[in-house]
Every structure is written in structure tokens, then in C-alpha cells.
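Survey of secondary and tertiary structure
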Amino acid sequence: MTDTAHRAKSAILSHDRSADAFAAARAVMPGGVNSPVRAFRSVGGTPVFVDRGEGSRFWDVDGNVYVDYVLSWGPLILGHAHPRVVEATTAALRKGTSFGAPTLAETELAELIRDSVPGIDLVRLVSSGTEATMSALRLARAATGRDKIVKFSGCYHGHADMLLVQAGSGVATLGLPDSPGVPRGATIDTLVAPFNDLESVQALFDEHRDDIAAVIVEPVAGNMGLVTPRDGFLPGLRSITGKHGALLIFDEVMTGFRVFPGGAVELYDVQPDLVTFGKVVGGGFPLAAYAGTRAVMEHVAPAGTMYQAGTLSGNPVATAAGIATLTTLREPGVWDGAARSATTLVDGLRKAASAASIPVQATSVGTMAGMFFNDTQVSNYADAQKSDTGRFATFFNAMLQQGVYFAPSQFEALFLSAAHTEQDLALTLEAAAEAFALLPA
Ligand SMILES: *Cc1c(COP(=O)(O)O)cnc(C)c1O
């Protein structure tokens with residue numbers, strides 16, 4: 001990194017151009033953004049408009065530079081504009097952007113996913129995490145001939161109608177309990193249990209036993225802030241679903257390749273029937289996947305009769321980015337480096353908060369981190385909601401002002417990349433010490 005980059009901490013001069021850009025954007029797009037949490041509603045102020053990124057940093061349209069802990073909400077595990085990703089996608093781009101016919105790269109990416117995660121035989125590539133979870137649930141219903149699904153409050157699985165029930169961050173941040181426009185019929189088969197609460201899941205199975213097609217879970221919840229599974233929670237889900245002939249779906253759109261090289265499946269050694277991927281597998285492009293055992297996946301058309309399709313599925317540019325990302329990630333020290341940075345960040349945040357007598361709950365799992373302004377340990381959505389959002393808003397803005405870009409909501413995870421350096425972390429923790437000191441104890 002250059003010297004200018006290292007001076008990030010004192011570099012924030014003005015946000016005038018971002019403010020103008022936001023005004024122009026609001027005139028032509030709802031709320032001025034194309035995805036709600038980008039609008040900074042819960043932290044106040046104007047969203048920062050990005051000009052370009054490199055490694056762990058990005059530059060805004062006013063020329064300010066930030067150490068980035070959002071990384072496009074998770075995908076950029078190698079950092080911004082990683083040379084290998086840029087090269088691979090540029091080469092793919094030159095050969096043509098889309099064919100709607102099979103390419104070799106699709107098989108290569110599917111093999112990489114299969115070989116990285118235990119228990120996967122077949123993979124279907126799609127274009128967004130929403131599409132992956134939606135399709136996985138259709139598949140679970142097709143494979144079991146049942147309709148009901150179980151999800152957990154605070155877990156987000158994309159914005160499909162049937163899943164917009166107690167769906168965490170984006171929704172939580174805006175304080176919408178649900179979304180208007182979702183017909184009652186769409187969620188009638190969606191059952192909701194508290195995260196980390198096996199007894200509630202058992203109670204749902206006692207009541208609906210042979211009607212439940214699947215349980216879908218973020219194995220490490222990352223959409224209500226970072227919440228880890230209690231010992232026994234994931235194995236318990238495996239055993240309850242297995243006993244009742246229901247499928248277990250790990251939604252690893254966020255955790256895949258992040259909480260462990262083989263995702264939560266490998267980290268917790270629990271084998272779900274289906275796994276969804278997104279974010280990291282697309283290397284910053286619109287690409288996602290669902291995958292599972294041959295027996296279940298062979299219900300998918302054209303092998304089977306469950307219909308699911310996509311004009312841009314397995315897009316060659318996106319696929320090239322995914323392959324470049326996953327192959328680089330497998331090289332010695334790459335994933336480990338990002339994970340080590342997550343530990344350093346969380347240890348440092350805890351120390352800085354404690355020095356300022358501010359109670360926080362900070363955790364990391366692999367390359368993901370999270371911090372709640374909360375007195376007690378957070379193990380589900382109800383606990384997360386007791387966090388102090390006022391303190392977070394002050395903290396967030398103080399960090400931003402010092403050139404550190406955290407997610408503009410307390411109910412989001414923080415993401416590390418292989419590009420984050422010791423300097424980045426030192427600068428971040430210095431900024432955090434100042435930000436904590438601003439908060440009333
Ligand atoms: C981001 C996310 C999704 C949705 O993915 P999109 O690509 O935004 O549609 C689904 N599930 C989880 C766990 C996610 O974090």
C-alpha cells in the first residue's frame with residue numbers, strides 16, 4: 001500500500017460530492033440506492049459514493065480513502081480488484097460475455113465447489129443468493145413432496161416472498177416486521193423458530209411432523225450481526241430433520257468459504273442435504289449456487305422434473321471471477337491470513353471498548369467478525385435487538401470520519417480479506433479507541 005493510503009485516518013475532508021451524488025440518485029432511484037442498507041438510514045448522514053477500490057481500501061468520489069470491512073457485503077475475500085480476478089475476468093470478457101450454451105468454466109467452478117465442501121455431488125449455478133435459496137427450497141419441496149419450511153428469526157435468506165418473515169438486518173434496520181406486498185398465502189407454510197433453540201424446532205416438528213419439507217438455517221448467522229451456533233444446535237437440527245424425513249439446508253451464501261475453507265459444513269462437521277452459496281463464489285460478480293447430494297440434486301431439471309432456469313446462469317465472466325477467487329483462496333496462507341486479521345480486529349475492538357468502559361460483544365468466526373453494543377452475549381435475534389443502536393450510529397460515523405468503513409448497521413457482519421494488512425488493522429484499532437471514547441460510558 002502507498003503512503004497516501006496509510007494516511008487514510010486523517011484524510012476525510014469532505015463528502016460534498018457524495019452528497020450531490022446522493023441527491024441526484026434519489027431523483028431517479030427509490031431512496032437513491034439499489035439495495036436498502038446502502039442508504040445509511042440507521043446511522044444517519046449521506047452514503048459514501050465509491051469511485052474505485054484496491055486491496056483492502058476504496059476511494060470515494062471526494063477522494064477520501066477508507067479501509068473497507070464491508071467488501072461488497074462479503075464477496076471480496078481477496079480484496080478489491082485482485083489482479084488474478086481482474087485478469088481472469090478481462091480474458092473472459094474478451095471472449096464474449098454470455099452464450100446461453102455450456103462453457104468449460106462452469107464445470108471447473110462446479111468442481112471447485114464440490115471439492116471444497118464435504119458431501120456435495122452436484123452443483124447448479126445461478127445468479128444471486130436469493131435465487132439459490134429460493135431454488136433450494138423448491139427442490140426440498142419437490143424431493144419430499146411436502147410444503148412447510150422452517151426458518152429462524154433474524155436469519156436472512158434473500159428476498160423471496162416465502163422467506164421475508166423475521167428476516168434480519170435489512171428488514172430489521174428499517175424496522176419493518178415484514179414487507180407489504182408479500183401475500184399471506186406466500187408465507188403460510190413458513191414456520192419460524194428462534195436461532196439456537198432446538199426445543200422450538202422440535203415443537204414445530206411435533207405439531208407438523210410429516211408436513212415439513214426442510215429446515216433452512218444460516219449455520220453461523222450473519223444477518224442479525226454475527227451470531228454463532230451453540231454447541232449441539234447444528235447437530236441437533238441434523239438429527240431432528242433426519243428423523244422426520246425433512247431436508248436440512250445450510251444457507252452458506254455468506255459463510256461459504258468464509259467461516260472455514262470448506263464453510264460451516266466442514267467447520268462444524270455437520271452434513272446438510274443442500275447447501276447454498278453466493279457472495280465469495282462469485283468473486284464480486286452476480287453468481288451463486290445450490291448444491292447437494294446426487295439423490296436430491298437429480299430432481300433438478302433437466303435431470304429431473306423440478307424446474308429452475310436462468311438466462312445468465314453460469315455467466316462466463318462471473319464464472320471466471322469465481323474460479324480465480326476460489327483457486328487463489330486455496331493457496332497457502334491466503335484464507336488463514338484473512339482469518340488471522342479477523343481475530344486481531346476482534347481482540348483489538350474488545351480491548352479498546354473495555355478501556356473506554358463500553359460493553360460490547362465482539363466475535364469472529366474464520367474471516368467474519370461482528371460487534372454488538374450489548375451487555376450480554378447474543379445468541380438469537382431477540383438478544384441482538386437489545387443492542388444499543390444509538391451508540392452504534394455514533395461509533396460508525398466516528399470510524400467513517402477516520403477513514404474506516406464498517407457496515408452502516410449494527411446488524412451486519414464485518415468482513416476481512418486477504419488484502420487487509422497489519423497497518424490497516426492498527427489504523428482501525430486506533431480509530432476505534434477514539435470512537436469508543438466519544439460514547440457516553
Ligand atoms: C446475502 C445473502 C443472501 C442473498 O443473496 P443475494 O445475492 O443478495 O440475493 C441469502 N442468504 C444469505 C445468508 C445471505 O447472506
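Just so it is clear, the model here is predicted, and its values are computed rather than measured.

Counted by the stated rule, this structure contains 18 aromatic pairs. Between Tyr 69 and Phe 406, the ring centres sit 5.3 Å apart and the planes meet at 85°, which makes this aromatic pair edge-to-face. Of this pair, Tyr 69 sits in the loop between β3 (65–68) and α3 (83–94) while Phe 406 sits in the loop between β13 (404–405) and β14 (414–415), and the two are 337 residues apart along the sequence. According to the relative accessible area criterion, Tyr 69 is buried, its value standing at 0%. Both rings, one in Phe 195 and one in Phe 233, keep their centres 5.1 Å apart while their planes meet at 65°; by these two values the pair is edge-to-face. Taken together, the residues Phe 195 in the loop between β6 (190–194) and α8 (198–208) and Phe 233 in helix α9 (residues 233–243) connect sequence positions 38 residues apart.

Of the residues in the chain, 95% have a pLDDT of 70 or more, and the chain-wide mean is 94. Predicted confidence for residues 1–8 stays below pLDDT 50, and this span has 14 contacts to residues more than four positions away or in other chains. Below pLDDT 50 for its whole length, residues 173–177 participates in eight contacts with residues either more than four positions away or in separate chains.

It is worth spelling out the sheet that holds β6 at this point. Strand order across the open sheet formed by seven strands is β4-β10-β9-β8-β7-β5-β6, with mixed pairing between neighbours. Looking at the sheet topology across the chains shown, the edges are occupied by β4 (122–126) and β6. With direction set aside, neighbouring strand axes in the sheet form an average angle of 20°. Where β4 and strand β10 (residues 288–292) come together, five bridges link them in antiparallel fashion. Directly across from Arg 124, in β10, lies its bridge partner Tyr 290. Sitting on the sheet, α8 touches β5 (148–153), β6 and β7 (212–217), and the angle it makes with β6 is about 150°.

What follows is about the layout of surface pockets. Size it by volume and the second largest pocket reaches roughly 650 Å³. Lining the second largest pocket are 29 residues; nearest its centre among them are Glu 106, Val 123, Arg 124, Leu 125 and Ser 313. Only α4 (104–116) and β4 provide two or more residues apiece to the lining of the second largest pocket. Counting residues per element, the lining of the second largest pocket draws most heavily on α4, which supplies five residues. Here the residues of the lining of the second largest pocket sort into 15 nonpolar, nine polar and five charged.

What follows covers α8. Burial in α8 covers these residues: Val 201, Leu 204, Phe 205 and His 208. Considered in projection along α8, the buried side chains sweep an arc of 95° and stay on one side of the axis. Seen from the buried face of α8, the exposed residues on the opposite side, beyond 90 degrees, are Glu 199 and Glu 207. Residues of α8 that are buried make contact with β5, β6, β7 and α9. Where α8 begins, the capping side chain belongs to Asp 197, and its oxygen is found 3.2 Å from the backbone nitrogen of Glu 199.

Ser 128, Gly 129, Thr 130, Tyr 156, His 157, Gly 158, Glu 218, Asn 223, Asp 251, Val 253, Met 254 and Lys 279 make up every residue found near the ligand. Residue Asn 223 places a side-chain N or O atom 3.0 Å away from an oxygen atom belonging to the ligand. At 2.6 Å, a side-chain N or O of Lys 279 approaches an oxygen atom of the ligand. Compared with its free state, where it exposes 380 Å², the ligand has 82% of that area covered by protein.

Rules of the game
- Residues numbered from 1 in each chain as written.
- Predicted model: local features only at pLDDT ≥ 70, side-chain atom pairs only at ≥ 80, totals over all residues.
- Heavy atoms only, no water.
- Phe/Tyr/Trp six-rings, centres within 6.5 Å; stacked < 30°, edge-to-face > 60°.
- Helix = DSSP H or I, 4+ residues; strand = E, 2+ residues; numbered from the N terminus.
- Buried < 20%, exposed > 50% of the residue type's maximum accessible area, 1.4 Å probe, protein only.
- pLDDT = per-residue confidence, 0-100.
- Contact = heavy atoms within 4.5 Å.
- Pairing = 2+ DSSP bridges.
- Axes fitted to C-alpha atoms, helices over the stretch in contact; angles between N-to-C directions.
- 1 Å grid on protein atoms, 1.4 Å probe; cavity = no way out; pocket = protein on both sides within 12 Å on 5 of 7 lines; lining within 4 Å.
- Points joined across faces, edges and corners; volume = space filled by probe spheres on them.
- Nonpolar A, V, L, I, M, F, W, Y, C, P; charged D, E, K, R; others polar.
- Arc of directions from axis to C-beta.
- Polar contact = N/O pair within 3.5 Å; in protein donor to acceptor, adjacent residues only side chain to side chain.
- Near = heavy atom within 4 Å.
- Areas by Shrake-Rupley, 256 points an atom, 1.4 Å probe, with all protein chains shown as cover.

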